[in-house]
Amino acid sequence: MIGVLCSGQGTNLQAIIDAIAAGRVNARIGVVISDRSDAFALTRATAAGIPACWIDPKSFPIRGAFEQAMIQTLRARRVQLVCLAGFMRLLSPVFVRAFPRRILNIHPALLPAFPGAHGVRDALTWGAKVTGVTIHFVDEQVDHGPIVLQEALAIQSGEREAELVKRVHAIEHRLYPEAIQLIAEGRVRVDGRRVTIRSAGSVHRPPSTVHKK
Ligand code: GRF
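Residues numbered from 1 in each chain as written. Predicted model: local features only at pLDDT ≥ 70, side-chain atom pairs only at ≥ 80, totals over all residues. Heavy atoms only, no water.

Engineer: How do you make sense of the sheet that holds strand 7 (residues 147-154) when you look at a structure like this?
Structural biologist: The strands making up a sheet associate through backbone hydrogen bonding, with each pair oriented either parallel or antiparallel. Reading across the sheet, the seven strands line up as 3-2-1-4-5-6-7 and stay open at both edges, with mixed pairing between neighbours. Two strands in the sheet have a free side with no partner beyond their single neighbour: strand 3 (52-54) and strand 7. Shown here is a sheet whose adjacent strand axes are inclined to one another by a mean of 20°, direction ignored. Relative to strand 3, strand 2 (residues 29-34) runs parallel, the two being bridged by three bridges. Bridge assignment links Val32 to a residue of strand 3, and that residue is Ala52. Helix 1 (residues 11-21) contacts strand 1 (2-6), strand 2 and strand 5 (103-107) of the sheet and is inclined by roughly 170° relative to strand 2. Strand contacts of helix 3 (residues 63-76): strand 1, strand 2, strand 3 and strand 4 (81-84), with the helix running at about 165° to strand 2, the strand carrying the most contacts. (Pairing = 2+ DSSP bridges. Helix = DSSP H or I, 4+ residues; strand = E, 2+ residues; numbered from the N terminus. Axes fitted to C-alpha atoms, helices over the stretch in contact; angles between N-to-C directions. Contact = heavy atoms within 4.5 Å.)

Put into structure tokens, the structure is as follows:
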């Protein structure tokens, strides 16, 4: 069961919803949480029949209480994997430890290059010739955890930010569902910073699930 945290448009959420509907991702979304009442992601969730939940950070005296509310909501929905999809708040170590190695983030640049809230713009401003998309596990530092998948794209000469954002999004919408499916299939192993993706045939299954009586 997946929980998706969003703050905005939710185009990545939509890509995950569509991939599940198309049978490309073998998982379910138990809840979509947003910290903003006006996030279009909430509308997308409701349209797809997924519980959509606005948790207002301003209604809590401290960040810890806001995060506890999110943790409780995710646990109540039996969420095993938390997917950050444009969630614009930093998560504390308490939240990260509540779902160890079970929080994914998508970042619109090739980490560790251009971390932060403006990955696409920063790559353009820097004059980088190549940028891309990173899907990584979340650890206690920002845009830092072990990398599951990355895909590069060449920046075209004179390319404007809006055009580059479009091309980055197109990669994101394919790559995020792919990463989730790899995890759902049990093919992702994390060893320190290194993530190994096992080939489809090599996943060990316990005998009880292989030899059904
Ligand atoms: C994406 O570009 C993602 O990489 C970044 O935030 C953006 C979210 O877009 N973390 P959307 O809300 O999924 O459309």
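Next comes the rest of the description.
Engineer: When you look at the pairing of strand 9 (residues 194-197) in this model, what are you seeing that I'm missing?
Structural biologist: Each regular strand shows side chains that alternate between the opposite faces of the sheet. Here strand 8 (residues 188-191) runs beside strand 9; their pairing, made up of four bridges, is antiparallel. Bridging from a neighbouring strand, Val190 pairs with Val195 of strand 9.

Engineer: Please explain the site of the ligand as it appears in this structure.
Structural biologist: Inspection of the region around the ligand gives Gln9, Gly10, Thr11, Asn12, Gly86, Ile106, His107, Pro108, His169 and Glu172 as its neighbouring residues. One nitrogen or oxygen atom from the main chain of Gly10 is found 2.8 Å from an oxygen atom belonging to the ligand. Backbone polar atom of Ile106 to a nitrogen atom of the ligand: 3.0 Å apart, as the coordinates give it. Taking 360 Å² as the accessible area of the ligand by itself, protein coverage stands at 83%. Of all elements in the fold, only helix 1, strand 5 and helix 6 (161-184) reach the threshold of two or more residues within the shell around the ligand. Residues that form the shell around the ligand fall into these classes: two nonpolar, seven polar and one charged. (Near = heavy atom within 4 Å. Polar contact = N/O pair within 3.5 Å; in protein donor to acceptor, adjacent residues only side chain to side chain. Areas by Shrake-Rupley, 256 points an atom, 1.4 Å probe, with all protein chains shown as cover. Nonpolar A, V, L, I, M, F, W, Y, C, P; charged D, E, K, R; others polar.)

Engineer: Mind showing me how you'd approach the nonpolar core here?
Structural biologist: The nonpolar side chains of soluble globular proteins are, as a tendency, buried together. Counting 41 residues, the largest nonpolar core has Val4, Leu13, Tyr176 and Ile180 as the members making the most contacts within it. Ranked by the residues each element gives to this core, the list is headed by helix 6, at eight residues. Beyond its immediate sequence surroundings of up to four residues, Leu13 is in contact with Val4, Cys6, Ile29, Val32, Ala41, Arg44, Ala45 and Ala85. Formed by 20 residues, the second largest nonpolar core is a distinct cluster that contains Ile33, Ile55, Leu74 and Leu91. (Core = buried A, V, L, I, M, F, W, Y, C linked by side-chain atoms within 4.5 Å. Buried < 20%, exposed > 50% of the residue type's maximum accessible area, 1.4 Å probe, protein only.)

Engineer: What's the story with the pattern of salt bridges in this structure? I'm lost.
Structural biologist: Under the definition given, this model contains seven salt bridges. In this structure, Arg167 and Glu159 form a salt bridge, with 2.8 Å as the shortest nitrogen-oxygen distance. On the basis of relative accessibility, which here comes to 22%, the residue Arg167 falls in the partly exposed class. Among the salt bridges present, the one from Glu185 reaches Arg187, with a minimum N-O distance of 2.8 Å. Overall, Glu185 belongs to the partly exposed group, its relative accessible area being 29%. Under the relative-accessibility criterion, Arg187 is labelled buried at 15%. (Salt bridge = Lys/Arg side-chain N within 4 Å of Asp/Glu carboxyl O.)

Engineer: Sorry if this is basic, but what is going on with helix 2 (residues 40-47) here?
Structural biologist: Working note: α-helix, 3.6 residues per turn, so residues spaced by three or four point in the same direction. Among the residues of helix 2, Ala41, Leu42, Arg44 and Ala45 are the ones counted as buried. Along the axis of helix 2, the buried positions cluster into a sector of 160°, meaning they face one direction only. Of the exposed residues in helix 2, the ones pointing more than 90 degrees away from its buried face are Thr46 and Ala47. Contacts made by the buried residues of helix 2 are with strand 1, helix 1, strand 2 and strand 3. Remark: Gly49 follows helix 2 within two positions and exhibits a positive phi of approximately 75°. (Arc of directions from axis to C-beta.)

Remember that the coordinates give geometry; whether it matters functionally is a separate question.
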